[in-house]
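Examination of the molecular architecture
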Protein chains: 2
Amino acid sequence: MYIILVYDIYTETKQGRSRLPKIMKKCREYLHHTQKSVFEGEISEAKLLALKKDVENIINKKEDYVVIYIIENINNIYRENIGIDFDPTDNIL
Amino acid sequence: MYIILVYDIYTETKQGRSRLPKIMKKCREYLHHTQKSVFEGEISEAKLLALKKDVENIINKKEDYVVIYIIENINNIYRENIGIDFDPTDNIL
């Protein structure tokens, strides 16, 4: 399956600011870092479960949010961007 | 078609901070506001073209970015979130 993950971390506090690099690093272990708070990539069911567990251990559920879009068929999705381009070596979609 | 729109506006400058409410308001005209920088919803081809034009007129292409994921078949995508819940009246996905 293909997933798109977007997070928004509450950075008004010191703890929040310390969560940001942690979650970025963790998401990079599983997915391609498309843009600041956007990650995407193909992932297995088992890896998705592990990613969700890791994310839950990092974020503060009362302040932060993570949204995961799960797309069963990768041929059914494509991406367009306006503004700053992505990493030029990126050729996922 | 179903789209997911994520933006990241450069808010280090006064001009950037003034763009943020404009693009939020504009995206709300076309899509459901899922979370801070995330919008989603069904949209026609014509409306998507109009939305992209409006977005291009608002953002600074050298500082901001907007990524649009286009999913042809809405039955092929579902959403999960971790942390702060969405607007309870939301029953889009």
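Residues numbered from 1 in each chain as written. Chains lettered and ligands numbered in written order. Predicted model: local features only at pLDDT ≥ 70, side-chain atom pairs only at ≥ 80, totals over all residues. Heavy atoms only, no water.

The name given to chain A in an unreviewed UniProt entry is CRISPR-associated endoribonuclease Cas2, with the source organism recorded as Rarispira pelagica. Listed under Sequence similarities (unreviewed entry) in UniProt, the entry text for chain A is "Belongs to the CRISPR-associated endoribonuclease Cas2 protein family." As its UniProt record puts it under Cofactor (unreviewed entry), chain A is described as follows: "Mg(2+)". (UniProt positions renumbered as here; feature names shortened; annotations may be inferred.)

Details of the pattern of salt bridges
Residue and element names in this part refer to chain A. All told, the structure shown has 16 salt bridges over all chains when counted by the stated rule. The residue arginine 19 makes a salt bridge to glutamate 63 at a minimum N-O spacing of 2.9 Å. Taken as a pair, arginine 19 in helix H1 (residues 14–30) and glutamate 63 in the loop between helix H2 (45–58) and strand E4 (65–71) lie far apart in primary sequence, 44 residues in all. Here arginine 19 falls in the buried class, since its relative accessible area comes to 9%. Judged by its relative accessible area of 24%, glutamate 63 is partly exposed. Each of Arg19, Glu63 and Asp64 takes part in one network of salt bridges that share partners. (Salt bridge = Lys/Arg side-chain N within 4 Å of Asp/Glu carboxyl O. Helix = DSSP H or I, 4+ residues; strand = E, 2+ residues; numbered from the N terminus. Buried < 20%, exposed > 50% of the residue type's maximum accessible area, 1.4 Å probe, protein only.)

Remarks on the sheet that holds strand E1 (residues 2–8) of chain A
Read from one edge of the open sheet, 5 strands run E2(A)-E3(A)-E1(A)-E4(A)-E5(B), paired in antiparallel fashion. Edge positions in the open sheet fall to strand E2 (32–35) of chain A together with strand E5 (77–83) of chain B, since each of these has one partner strand only. The average angle at which neighbouring strand axes cross in this sheet is 25°, direction not considered. Bridge count between E4 of chain A and E5 of chain B: 7 bridges; the pairing is antiparallel. When the sheet's bridge partners are listed, tyrosine 69 of chain A is paired in E5 of chain B with arginine 79 of chain B. (Pairing = 2+ DSSP bridges. Axes fitted to C-alpha atoms, helices over the stretch in contact; angles between N-to-C directions.)

What to know about the environment of isoleucine 9 of chain B
All names here are of chain B. Along the polypeptide, isoleucine 9 turns up in the loop between strand E1 (2–8) and helix H1 (14–30). The class of isoleucine 9 is buried, set by a relative accessible area of 8%. Spatially, the C-alpha atoms of isoleucine 9 and asparagine 60 are 8.4 Å apart, while their sequence positions differ by 51 residues.

Overview of the relation of the copies chain A and chain B
Each copy superposes on the other: chain A lies on chain B with an RMSD of 0.0 Å after a rotation of 180° and an axial shift of 0.0 Å. Accordingly, the operation relating the two chain copies is best matched by a two-fold axis. Comparing contact sets, 100% of the residues at the interface of chain A also lie at the interface in chain B, consistent with an isologous, same-surface contact. (Least-squares fit on C-alpha atoms with pLDDT ≥ 70 in both. Contact = heavy atoms within 4.5 Å.)

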